[in-house]
Amino acid sequence: MLPILTIWHRSLCAVTGAIAGGFAGMLFGFAQLQQPALTPTDAVKVGILLGLVAWVFILMVEALWLHYGAAVVWPSLVTSLLSAILTVVVANAVAVPVLSVWIGLLFGTLVGALLCRLCGERVDPRGVRT
Amino acid sequence: MTCPRQPTCGSQGTTSSSSTSGVLSDIAWLLGLVGTVTTVVGLFGKTAVFTLLGISAPVVVWIAAVAGALITFAVVLDFYRLRCLSHPDTLAACSAGVVERVVPSFGSATDELFPFTAMHDRIDVVVKCVYWFLVENGAAFVQCNSDADTSPILRGYYKSAKVCGAGLGSTIGAGVGAVVGTFLGVLAGGAIASLACGPFAWLCLILAVLVALIVAAVCVLIGALAGGQIGKAAASGGPPAADDGSVLSTSDYVTTKGGLLTSGDDDGARVYWFVTMTTLHGHSAAASPFSHRDPDDNLLMDACPVVIP
């Protein structure tokens, strides 16, 4: 099995980052079809905008649909923003629209996995993740 | 009764088992697939305006709306596939214990609003310690109770006709919503794209793409809501019951048989997917939260064959 697929199955943080990065990369890739490269400052602004929208999408999927609840709200905000900003900045520099979504998936996975490792996952005595 | 070593609650630190829902990794793949295909299509007419059924908008707005509709539809279909259509490999097993809680399908407002996400009826059983190996073997996570002994829990799902009816209805409704949503998304996104934005043209473009995608996705979800509620209403079925017809409730002593698997929807815990046979043995006189000591001491004869862990 591909390593990236394995980590998406094992780590909530990594797959959250991948979705945020992939979402931002896909939308930015669409815009790149028509829009020449942005300045780095504008790229960061677009990254923040797309990161916030990706966060709302992730909240809907994880907190509501999959019943992870409120525990994912703030961690997913940080993951979404960092993943989306990094994705847009890198995709803007690379300037190949077709690659943008994959840049997002890759960098989002890395950001999510790294944040998970830095912050650690807490489990209470009953085995419930918090 | 002499118990074996108690499993450690929580994460098992394993790297071999799934511990997140399959839906999440599927969404990531969908983004990659749909994003690539639609962007390649867009490359052939990136500055063009496309017209269909009298609706005109830049090609990028069209592909954003199509992507939003396609991805959302695929997510709805994926929930239905994972809940009701897939036949994962399971391990035939039998265990017994006391029911800590019964979690019905459609137990929350979210399940009513997004009927395709509803999970099958579930019972959480504090198992006798002789069955702890079933909770632990192959698990990425062990669920435990809130009693003083933090007794291990084995979840059991009962296949619900209402959940599958809602899933099928949602998928059909989402398909209709995807077609309607694509056109509405293009209308909304196209209106933004046509604004005279001057030096902020890039912002208008991003917003047009974003709005087209969101409007299309919302229409798919509205279709899924309508179809899911119709499908749920058309299906029959009741709460989880024992083989003698008794409805299960907290404090029941039960034996359950079925197929065990490691479930990403349960943090990687071992669960019955699904329980196929349930024997009711009576009721515990103790109060919840239950300890494994309760069924160990009071449910001496269950309906499982003798096990040698």
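Rules and cut-offs
Residues numbered from 1 in each chain as written. Chains lettered and ligands numbered in written order. Predicted model: local features only at pLDDT ≥ 70, side-chain atom pairs only at ≥ 80, totals over all residues. Heavy atoms only, no water. Domains from an automatic or database assignment. Contact = heavy atoms within 4.5 Å. Buried area = accessible area lost by both parts, 1.4 Å probe. Salt bridge = Lys/Arg side-chain N within 4 Å of Asp/Glu carboxyl O. Polar contact = N/O pair within 3.5 Å; in protein donor to acceptor, adjacent residues only side chain to side chain. Helix = DSSP H or I, 4+ residues; strand = E, 2+ residues; numbered from the N terminus. Nonpolar A, V, L, I, M, F, W, Y, C, P; charged D, E, K, R; others polar. Pairing = 2+ DSSP bridges. Axes fitted to C-alpha atoms, helices over the stretch in contact; angles between N-to-C directions. Buried < 20%, exposed > 50% of the residue type's maximum accessible area, 1.4 Å probe, protein only. Lys, Arg positive; Asp, Glu negative; His and termini not counted.

So what's going on with the domain arrangement of chain B? Which residues, and what values?
Residue and element names in this part refer to chain B. Domain parsing of chain B yields domain 1 (21-84 + 166-234) and domain 2 (89-159 + 236-298). The C-alpha-based centres of domain 1 and domain 2 are spaced at 38 Å. With 15 residues of domain 1 in contact, the opposing surface of domain 2 contributes 16 residues. Carbon and sulfur atoms make up 58% of the surface buried where domain 1 meets domain 2, a total of about 1300 Å² over both sides. Joining domain 1 to domain 2, the criterion identifies two salt bridges. The shortest N-O distance in the salt bridge between Asp 265 and Arg 83 comes to 3.5 Å. At the boundary of domain 1 with domain 2, the tally comes to five residue pairs in polar contact (both at pLDDT 80 or more). If you list the elements that add at least two residues to the side of domain 1 that touches domain 2, you get helix H2 (59-85), helix H5 (161-193) and helix H6 (201-234). In terms of residue count, H6 provides more of the side of domain 1 that touches domain 2 than any other element does, seven residues in total. For the side of domain 1 that touches domain 2, a count of residues per class yields nine nonpolar, four polar and two charged.

Hey, could you go over the interface of chain B and chain A for me, with residue numbers and the actual values?
Across the boundary between the two partners, chain B contributes 59 residues, which contact 47 residues of chain A. Both sides together, the interface formed by chain B and chain A hides about 4600 Å², and carbon and sulfur atoms give 76% of it. The three residues of chain B that bury the most area against chain A are Leu24(B), Trp29(B) and Trp202(B), which together make up 15% of that side's buried surface. The tally of links between chain B and chain A comes to zero salt bridges. At the boundary of chain B and chain A, one finds two residue pairs in polar contact (both at pLDDT 80 or more). Secondary structure elements with two or more residues in the side of chain B that touches chain A: strand S1 (10-11), helix H1 (22-43), H2, helix H3 (109-113), strand S6 (141-142) and H6 of chain B. Sort the elements by how many residues they give to the side of chain B that touches chain A and H1(B) lands first, with 15 residues. Of the residues assigned to the side of chain B that touches chain A, the class counts are 32 nonpolar, 23 polar and four charged.

Please give an account of the sheet that holds strand S4 (residues 91-103) of chain B that cites residues and values.
Within a sheet, adjacent strands bond to each other through the backbone by hydrogen bonds, running parallel or antiparallel. All names here are of chain B. Spatial ordering of the closed barrel is given by S4-S5-S7-S9-S8, a layout of five strands whose pairing is mixed. Mean inter-strand twist for the sheet, computed between neighbouring axes without regard to direction, equals 55°. Here six bridges tie S4 to strand S5 (residues 121-127), and the two strands are oriented antiparallel to one another. Directly across from Gly 97, in S5, lies its bridge partner Val 127.

Report on the side chain of Arg270(B), specifying residues and quantitative values.
Residues and elements named next belong to chain B. Turning to its location among the elements, Arg 270 is positioned in strand S9 (residues 269-283). A polar contact of 3.0 Å, which involves the side chain of Arg 270, links it to the side chain of Thr 262. If we ignore the near neighbours within four places in the chain, the residues touching Arg 270 are Leu 91, Leu 134, Val 135, Asn 137, Gly 138, Ala 139, Phe 141, Leu 154, Arg 155, Leu 260, Leu 261 and Thr 262.

Before we move on, can you summarise the side chain of Glu100(B) with the specific residues and values?
Residues and elements named next belong to chain B. Tracing the backbone shows Glu 100 in strand S4. Here Glu 100 sits buried without a salt bridge, and the closest side chain of opposite charge, Arg 101, lies 4.4 Å off (N-O distance). Within the structure, Glu 100 has its side chain in polar contact with the side chain of Asn 145 (distance 2.8 Å). Among all residues touching Glu 100, those that are not within four sequence positions of it are Asp 124, Val 125, Val 126, Asn 145, Thr 250, Ser 288, Pro 289 and Phe 290.

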